[in-house]
Amino acid sequence: MKQYYPGKHALFGLLGAIAVLTIVPVATILPAYAVDDIEGADAPDLTAVQAKIAVKDYKGALADLRDLAQDNQQADVYNLLGFTLRKTGDFTTALTYYNKALELKPDHKAAREYLGELYVETGDMARANEQLASLQKLCPAGCEELEDLHKAIDTKVTK
C-alpha cells in the first residue's frame, strides 16, 4: 500500500511559490531597463556618418547629419553635427549643437571633449578648462575624452 506524505507535496508547493515570487518581480523590473535606455533603443545608425568623418569628408557627413537631425533629437546626432561644423570652421553653429547635445545628455563625454576643443580653437581657455573639469568628474579613473581634451589644452598652452 502506498503511503501519502503531505510534507513532500507541501515542499514542492512551497518551492513553486518561492520560484513564482522570485521570477515575477524580476520579470516586472526588466522592462524598465529598456525604457531607461531610450537613445540606445531607437538611435539612428551613425556608421556611415562616422566613416565619412574618419576620412575627413566633413561636408558629406554634415549633409547626412542634417537629414538625421530632422527626425532624431538625440545627443549623439547633435554632438556629431557640432563636430563636423567645427571642422568646417562654423564655430558659432557648432557651439549651438554641442549645447543641444548637452541639454539632452549632460554627461555626454564626447560633447564635453569637443566643446572644450572648440573653446581651445577659439582661444577661450577658461571655458575649455571648465569642460576639462566636467570630464574629470565624469571620468575619475580617466577616459579617452579627458586625455584628448587635456592634450588639446596643453598643446595650446605650450604654443
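Residues numbered from 1 in each chain as written. Predicted model: local features only at pLDDT ≥ 70, side-chain atom pairs only at ≥ 80, totals over all residues. Heavy atoms only, no water.

Enquirer: Go over the environment of Ala51, please, and point to the residues and values.
Expert: For Ala51, the position within the fold is in helix 3 (residues 47–54). Spatially, the C-alpha atom of Ala51 lies 8.4 Å from that of Ala61, the residues being ten residues apart in sequence. (Helix = DSSP H or I, 4+ residues; strand = E, 2+ residues; numbered from the N terminus.)

Enquirer: An account of the packing of aromatic side chains is needed here, citing residue identities and associated values.
Expert: To describe a pair of aromatic rings, you give the distance between the ring centres and the angle between the ring planes. If you walk through the whole model with that rule in mind, you get four aromatic pairs. Judged by centre distance (4.7 Å) and plane angle (45°), the ring pair of Phe83 and Tyr114 falls under tilted. Residue Phe83 is located in helix 5 (residues 75–87), and its partner Tyr114 is located in helix 7 (residues 109–121); the two are separated by 31 residues in the primary sequence. Of the residues examined, Phe83 reaches a relative accessible area of 10% and is grouped as buried. Among the aromatic residues, those joined into a ring-pair cluster are Tyr58, Phe83, Tyr98 and Tyr114. We note Lys100 situated over the ring of Tyr78; from NZ or CZ to the ring centre the distance is 5.3 Å. (Phe/Tyr/Trp six-rings, centres within 6.5 Å; stacked < 30°, edge-to-face > 60°. Buried < 20%, exposed > 50% of the residue type's maximum accessible area, 1.4 Å probe, protein only. Lys NZ or Arg CZ within 6 Å of the ring centre and 35° of its normal.)

Enquirer: Can you tell me about the state of the cysteines, naming the residues and giving the values?
Expert: Two cysteines, two sulfur atoms, one covalent bond between them: this is a disulfide. Taken as a whole and judged by the stated rule, the model has one disulfide. Shown here is the disulfide that connects Cys139 with Cys143, its sulfur atoms set 2.2 Å apart. Residues Cys139 and Cys143 are joined through a disulfide that is right-handed, its torsion about the S-S bond being 75°. (Disulfide = S-S within 2.5 Å.)

Enquirer: Summarise the packing of helix 3 against helix 5; cite the residues concerned and give the values.
Expert: Relative to each other, helix 3 and helix 5 sit at 20°, their axes nearing to 12 Å. For the element pair helix 3 / helix 5, the angle class is roughly parallel. Our pair here, helix 3 against helix 5, has a crossing hand that is left-handed. Each of Val49, Gln50 and Ile53 in helix 3 lies in contact with helix 5, whose residues at this interface are Leu80, Phe83 and Thr84. The residue makeup of the contact of helix 3 with helix 5, split by class, is four nonpolar, two polar and no charged. (Axes fitted to C-alpha atoms, helices over the stretch in contact; angles between N-to-C directions. Parallel < 35°, antiparallel > 145°, perpendicular 65-115°, else oblique. Left-handed = near helix turned anticlockwise from the far one by under 90°. Contact = heavy atoms within 4.5 Å. Nonpolar A, V, L, I, M, F, W, Y, C, P; charged D, E, K, R; others polar.)

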